[in-house]
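Okay, here's what each chain looks like letter by letter:
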Amino acid sequence: MEKVRISTQKAPMPSGWYSQAYKLGNMVYTAGVTAADPLTQEIVSPGNIEKQTEQVLKNLQEILAAAGTDLNHVIKTLVFVSDINKFNEFNEIYKKFFPVDPPVRSTVEVGNFLNGMEVEIEAIAVIE
């Protein structure tokens, strides 16, 4: 099975030595997606988990689109938050992007991110 690197300038470029995503067969595996603005590469709304969650999921949509799929085909997410006490605020925004049959999810508090970052999400999706 061929591994295909996925890259789009409609989402932030990786800030380190990694790829945005890979497609393997009919599956897509993303790196952790942040709330960076794709144009400026800067984190949006430092300290605001709601606005950052929205930006992360918009960025994730673009990466998935580049791979030939979308949020409706996400089967698993792994979420990293800086403060689990902000989970409810995060979850309300997350629900808007996954209103029906949400993917399975793990959520982990990681403590302090750099530059006011509040949330990072990686995903596994299917391509139909």
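One structure accompanies this document, and this report is about it. All of these numbers come straight from a predicted model, not from anything done at the bench. (Residues numbered from 1 in each chain as written. Predicted model: local features only at pLDDT ≥ 70, side-chain atom pairs only at ≥ 80, totals over all residues. Heavy atoms only, no water.)

## Considering the side chain of Asn59
Here Asn59 is to be found in helix α1 (residues 49-67). Engagement of the side chain of Asn59 in a polar contact is seen with the backbone oxygen of Thr34, the distance being 2.9 Å. Within the structure, the side chain of Asn59 is placed 2.9 Å from the backbone oxygen of Ala36, a separation counted as a polar contact. (Helix = DSSP H or I, 4+ residues; strand = E, 2+ residues; numbered from the N terminus. Polar contact = N/O pair within 3.5 Å; in protein donor to acceptor, adjacent residues only side chain to side chain.)

## Focus: the layout of surface pockets
Counted as a void, the largest pocket has a volume near 450 Å³. Forming the walls of the largest pocket are 21 residues, and the residues nearest its centre are Met13, Ser15, Tyr18, Thr34 and Ala36. Looking at the lining of the largest pocket residue by residue, the class counts come to 12 nonpolar, 7 polar and 2 charged. (1 Å grid on protein atoms, 1.4 Å probe; cavity = no way out; pocket = protein on both sides within 12 Å on 5 of 7 lines; lining within 4 Å. Points joined across faces, edges and corners; volume = space filled by probe spheres on them. Nonpolar A, V, L, I, M, F, W, Y, C, P; charged D, E, K, R; others polar.)

## Describing the environment of Asn91
Relative to the elements of secondary structure, Asn91 occurs in helix α2 (residues 87-97). A polar contact of 2.9 Å, which involves the side chain of Asn91, links it to the side chain of Arg105.

## Quick look at the packing of aromatic side chains
Within the structure shown, the criterion is met by 3 aromatic pairs. Their ring planes at 45° and their centres at 5.3 Å tell us that Phe90 and Tyr94 sit as a pair that is tilted. With Phe90 and Tyr94 both in helix α2, this residue pair falls 4 residues apart, about one helical turn. We note that Phe90, like Tyr94, is buried. The interplanar angle of 40° and the centroid separation of 4.8 Å between the aromatic rings of Tyr94 and Phe98 together place this pair among those described as tilted. Given a relative accessible area of 3%, Tyr94 falls into the buried group. (Phe/Tyr/Trp six-rings, centres within 6.5 Å; stacked < 30°, edge-to-face > 60°. Buried < 20%, exposed > 50% of the residue type's maximum accessible area, 1.4 Å probe, protein only.)

## So, unusual backbone geometry
It is generally the case that most residues other than glycine have a negative phi and that most peptide bonds are trans. Phi is positive for Gln41, close to 65°, though the residue is something other than glycine. Within the secondary structure, Gln41 is located in the loop between β3 (27-30) and α1. You can call Gln41 partly exposed: its relative accessible area is 35%. Here Asp101, not a glycine, exhibits a phi torsion of approximately 45°, which is positive. With respect to the helices, strands and loops of the structure, Asp101 is situated in the loop between α2 and β5 (104-109). Taking the relative accessible area as the measure of exposure, Asp101 reaches 69% and is therefore exposed.

## Things to note about the pattern of salt bridges
Applying the stated criterion across every chain yields a total of 3 salt bridges. In this structure, Lys86 and Glu118 form a salt bridge, with 3.1 Å as the shortest nitrogen-oxygen distance. With Lys86 in the loop between β4 (74-81) and α2 and Glu118 in the loop between β5 and β6 (119-126), this pair connects stretches of sequence that are 32 residues apart. Glu92 is the partner of Lys95 in a salt bridge, and the nearest nitrogen-oxygen pair spans 3.1 Å. You can see Lys95 and its partner Glu92 sitting in helix α2, 3 residues apart, about one turn around the helix. (Salt bridge = Lys/Arg side-chain N within 4 Å of Asp/Glu carboxyl O.)

## What to know about α1
For α1, with 19 residues, the first-to-last C-alpha span of 27 Å sits near the 27 Å given by 1.5 Å per residue. Three or more residues of α1 are buried, namely Ile49, Gln52, Thr53, Gln55, Val56, Leu57, Asn59, Leu60, Ile63, Leu64 and Ala67. Those residues of α1 that are buried lie in contact with β1 (3-6), β2 (21-24), β3, β4, α2 and β6. Between the side-chain oxygen of the N-cap and the backbone nitrogen of Glu50 there are 3.0 Å, and the N-cap of α1 in question is Asn48. Taken from the residues just after α1, Gly68 is the one with a positive phi, measuring 95°. (Expected span 1.5 Å × (residues − 1). Contact = heavy atoms within 4.5 Å.)

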